Amino acid sequence: MEAEHIEVLEFIKRFPPFNELPIEELERLAQAAEVGYFKAGSQILEYNQTINDLHVIRSGVVEVFRHTGDLYNRLSDGGFFGEAGLLRTGKVRFPVKAIEDTLVYFIPGGEFNRLYDEYEAFADAVEIEDRERLNRAVSSREGANDLMTVPIATLISRSPVSINETATIREAAEKMTTEEVSSLLIVANADTVERNAVNSSEKQEISAPIGIITDKDLRKRVLAVGLSEQTPVREIMSTELVFVQHNQHVFEAMLIMLRRNLHHLPVLKKNQTMGVLSLSDVVRHESKSSLFVVSSIFRQSSIEELATLVEDVQASFVRMVAEDANSRMIGSAMAVIGRSFKQRLLELGEEKFGPPPVPYCFLALGSMARDEQSIVTDQDNAMVLDDSFDPELHDDYFRQLAQFVSDGLDACGYTYCTGYIMATNPQWRQPLKVWQKYFSDWITEPTPESLLHASIFFDLDGVWGETEFANTLNKLIQYRAQRSNRFLACMARNALNRTPPLGFFKGFVMEKDGKQNNSINTKRRGTAPVADLIRVHALAIGSQQRNSFARLEDITEAGILPPGRGPDLRDALELISMVRIRHQALALQQGEKPDNNVAPSDLSDFERKNLKDAFQILSSAQRFMRFRYPNG
């Protein structure tokens with residue numbers, strides 16, 4: 001061996017991932033390695049360029065970045081980079097820049113991949129350790145999507161335009177025209193506020209808006225009804241303002257707009273209004289988003305027209321995946337789209353059948369209620385009727401409305417529930433008092449059937465009508481479940497029925513159901529059991545959250561899990577969810593019907609190892625749950 005090869009050998013054998021390799025492998029690497037030099041400030045790797053070698057730092061310092069430009073890591077002597085690209089797409093995932101003059105050893109990619117496949121210790125060292133490997137696989141996605149990282153303040157391009165509550169409608173319209181704005185904040189009469197202020201800090205807030213008017217208000221509340229232009233603006237303003245903070249993210253504002261069908265959100269900074277975020281601002285920022293789908297939904301006037309949007313929904317899903325959105329963002333956006341279909345169908349249904357004879361609330365259940373929906377989903381829904389409901393007088397109306405909505409959802413890609421968990425089923429179209437008895441009985445006397453119902457109906461969200469009915473039921477669940485150890489134990493035992501697909505030696509256990517042979521159902525054996533066990537812990541602590549990630553935050557804060565298990569479970573859920581989501585997006589791109597069954601052979605080595613880690617975390621979490629809730 002020549003002197004330069006000996007130098008390489010002596011260096012690399014001191015550092016992971018090489019220090020666990022046999023000497024003959026190290027000698028082979030030393031002879032295959034080449035040397036490169038990079039001046040301080042030079043770019044070593046560009047995002048998405050082809051990568052052929054593992055880079056090992058002989059001397060110097062480099063910085064590794066996410067492709068968004070955020071700093072990801074800083075490495076020095078013995079550090080290595082480029083492994084993510086070699087293990088996945090052959091393209092650079094993390095750009096690298098030399099901070100000091102840097103000497104690099106290039107290890108050929110073929111040698112690296114061979115060692116990765118043949119030496120388990122080498123593979124583990126490459127990817128740190130099991131938990132850290134999974135954490136990095138998940139955290140490397142954070143910040144990848146603009147909507148998740150850009151603060152709302154960056155979209156505010158001008159100071160807020162406001163007018164006094166005593167101004168006339170004509171004055172408001174003139175000001176909106178002059179200022180070229182589509183909304184106008186309404187502030188309280190300054191003299192009144194000054195008289196009521198008791199200290200200087202209150203005086204600083206006199207500009208806080210008490211209402212807002214928009215172009216739409218002028219059309220609907222003034223022109224359409226012939227209201228005098230001399231009417232004070234306080235007579236037509238919307239007073240139930242929804243504010244966002246300047247440091248919240250654009251995605252959060254987008255979800256608020258979608259959920260509440262709003263086009264303008266006042267933005268606060270230290271209790272002062274710094275501007276108004278409009279729908280057009282978000283649209284300009286993210287011209288390809290689920291906002292377009294939602295706005296299109298509310299413009300359609302029939303089931304047939306709504307059904308034409310299925311391809312748009314699928315395209316929005318694929319775009320979010322392509323833009324590296326995480327599962328929480330995708331799940332939330334798809335759930336909002338699903339709610340919007342329900343809401344528009346209910347609007348059309350009430351137009352067709354007339355106003356409801358008694359108040360009612362239409363419920364979304366399961367993944368839609370948790371904001372965890374994917375592109376592959378059926379419809380789980382129900383109706384809560386006012387206690388004045390009389391079946392003989394009123395049920396014909398609600399039966400027709402439920403059938404109309406269910407048929408419409410099926411036409412729009414939300415297939416009929418095979419378990420008949422739909423408002424078309426009279427059992428799930430009942431007065432509030434009956435629902436309260438259902439839930440109380442399920443908790444007091446749990447049976448296999450009632451536990452199955454609880455796992456579905458205890459994730460509920462009111463999407464239309466008297467949504468306070470849904471709040472009442474959620475409060476009942478929160479109060480009663482937390483106080484019933486027997487029910488919690490039964491729910492825990494029920495949640496253990498679905499286990500992760502790992503064999504004795506941590507190999508994958510495949511599905512054996514005909515056409516899906518040699519695959520893993522990533523919902524039935526992955527995301528569903530994670531959501532099940534999180535739900536049990538959330539019920540135990542009285543969490544008011546429905547989203548699994550939000551529930552996990554409450555669970556972790558409550559301290560009922562062993563140290564570190566909360567973040568582990570979060571990363572496991574994110575990893576399994578994204579494998580499932582990417583599989584579905586790829587199927588759509590290839591013109592195939594998406595499903596939940598992923599073949600491990602279709603995954604990269606990197607993805608397979610991380611998926612095994614995630615399933616192992618799930619298995620460990622289930623063992624802990626069996627210990628925490630005994631005697632179910």
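Since the model is a prediction, treat every value here as computed from it, not as a measurement.

1. Comments concerning the packing of helix α1 (residues 3-12) against helix α2 (residues 23-32)
Part 1: Two numbers describe how α1 lies on α2: the axes approach to 8 Å, and their chain directions differ by 130 degrees. Between α1 and α2, the angle falls in the class oblique. Judged by the sense of rotation from one axis to the other, the crossing of α1 with α2 is right-handed. Residues His-5, Val-8, Leu-9 and Ile-12 of α1 form the contact with α2, whose participating residues are Ile-23, Leu-26, Glu-27, Leu-29, Ala-30 and Gln-31.
Part 2: By residue class, the composition of the contact of α1 with α2 is seven nonpolar, two polar and one charged.

2. Observations regarding the sheet that holds strand β3 (residues 53-59)
For sheets, the rule is that strands pair by backbone hydrogen bonds, running either parallel or antiparallel.
Part 1: Pairing is antiparallel in the open sheet, where four strands are placed in the order β1-β8-β3-β6. For this open sheet the edge positions go to β1 (34-38) and β6 (80-81), each flanked by a neighbour on one side alone.
Part 2: Across six bridges, the pairing between β3 and strand β8 (residues 102-108) is antiparallel. Note on β8: the bridge partner recorded for His-55 is Phe-106.
Part 3: Its contacts with the sheet place helix α4 (residues 109-118) against β3 and β8, and it is angled at close to 65 degrees to β8.

3. As for the packing of helix α21 (residues 468-482) against helix α23 (residues 523-541)
Part 1: The contact between α21 and α23 brings their axes to 7 Å, and the two run at 85 degrees. In this view, α21 runs roughly perpendicular relative to α23, as classed from their interaxial angle. Contacts from Ile-477, Ala-481 and Gln-482 of α21 reach α23 at Leu-539, Ala-540 and Ile-541.
Part 2: In the contact of α21 with α23, the residues fall into five nonpolar, one polar and no charged.

4. Comments concerning α1
Part 1: For α1, every residue scored as buried is listed here: His-5, Val-8, Leu-9, Phe-11 and Ile-12. The buried residues of α1 all sit within an arc of 165 degrees when viewed along its axis, so they share a single face.
Part 2: Those residues of α1 that are buried lie in contact with α2, β3 and β8.

5. Topic: the packing of aromatic side chains
Part 1: Counted under the stated rule, the structure contains 25 aromatic pairs.
Part 2: Ring plane angle 35 degrees and centroid distance 6.3 Å describe the contact between Phe-112 and Tyr-116, whose orientation is recorded as tilted. One end of the pair is Phe-112 and the other is Tyr-116, both in helix α4 and four residues apart, which spans about a single turn.
Part 3: You can call Phe-112 buried: its relative accessible area is 1%.
Part 4: Tyr-116 sits in the buried class, given a relative accessible area of 5%.
Part 5: Counting every residue linked through ring pairs, the aromatic cluster contains Trp-428, Trp-435, Tyr-438, Phe-439, Trp-442, Phe-457, Phe-458 and Phe-487.

6. Some remarks on the confidence of the model for the chain
Part 1: Scored by pLDDT, the chain comes out at a mean of 86, with 89% of its residues at no less than 70.
Part 2: Note on residues 129-133: pLDDT is under 50 here. Beyond four places in sequence and across chains, it has 10 contacts.
Part 3: Here residues 192-206 is a poorly scored stretch, pLDDT under 50, and it has 11 contacts once near neighbours within four places are set aside; other chains count.

7. A word on the pairing of strand β10 (residues 183-187)
Part 1: Most of β10 is tucked away, with five of its five residues classed as buried.
Part 2: Going residue by residue along β10, you find Ser-183, Leu-185 and Val-187 tucked away on one face and Leu-184 and Ile-186 tucked away on the opposite face as well.
Part 3: Once you follow strand β9 (residues 162-164) into helix α8 (residues 169-179) and on to β10, the crossover reads as right-handed.
Part 4: In this structure, β10 lies alongside strand β11 (residues 209-214), joined through five bridges in antiparallel fashion.

8. Thoughts on the sheet that holds β9
Part 1: Spatial strand order, β9-β10-β11: three strands in an open sheet with mixed pairing. The open sheet is flanked by β9 and β11, the only strands paired with a single partner. Averaged over neighbouring strand pairs, the angle between their axes works out to 35 degrees when direction is ignored.
Part 2: Pairing of β9 with β10 involves three bridges; the strand directions are parallel. Counted as the bridge partner of Asn-164 is Val-187 from β10.

9. Observations concerning unusual backbone geometry
Excluding glycine, a negative phi dihedral is what most residues carry, and trans is how most peptide bonds are arranged.
Part 1: Cis rather than trans, the peptide bond between Pro-16 and Pro-17 has omega equal to 10 degrees.
Part 2: The backbone phi angle of Asn-48 is positive, close to 75 degrees, even though this residue is not glycine.
Part 3: Mapping Asn-48 onto the fold places it in the loop between β2 (43-45) and β3.
Part 4: On the accessibility criterion, Asn-48 (43% relative accessible area) is partly exposed.

10. Here's the deal with helix α17 (residues 327-353)
Part 1: Along its 27 residues, α17 runs 38 Å from first to last C-alpha, staying within 8% of the 39 Å computed at 1.5 Å per residue.
Part 2: Counting buried residues along α17, 21 of its 27 residues qualify, which places the element largely inside the surrounding structure.
Part 3: Capping the start of α17, Asn-326 holds a side-chain oxygen 3.2 Å from the backbone nitrogen of Arg-328, two or three residues further along.
Part 4: One or two residues past the end of α17 sits Gly-354, with phi positive at roughly 95 degrees.

What counts as what
Residues numbered from 1 in each chain as written. Predicted model: local features only at pLDDT ≥ 70, side-chain atom pairs only at ≥ 80, totals over all residues. Heavy atoms only, no water. Axes fitted to C-alpha atoms, helices over the stretch in contact; angles between N-to-C directions. Helix = DSSP H or I, 4+ residues; strand = E, 2+ residues; numbered from the N terminus. Parallel < 35°, antiparallel > 145°, perpendicular 65-115°, else oblique. Left-handed = near helix turned anticlockwise from the far one by under 90°. Contact = heavy atoms within 4.5 Å. Nonpolar A, V, L, I, M, F, W, Y, C, P; charged D, E, K, R; others polar. Pairing = 2+ DSSP bridges. Buried < 20%, exposed > 50% of the residue type's maximum accessible area, 1.4 Å probe, protein only. Arc of directions from axis to C-beta. Phe/Tyr/Trp six-rings, centres within 6.5 Å; stacked < 30°, edge-to-face > 60°. pLDDT = per-residue confidence, 0-100. Right-handed = clockwise from strand over helix to strand, strands pointing away. Expected span 1.5 Å × (residues − 1). Polar contact = N/O pair within 3.5 Å; in protein donor to acceptor, adjacent residues only side chain to side chain.

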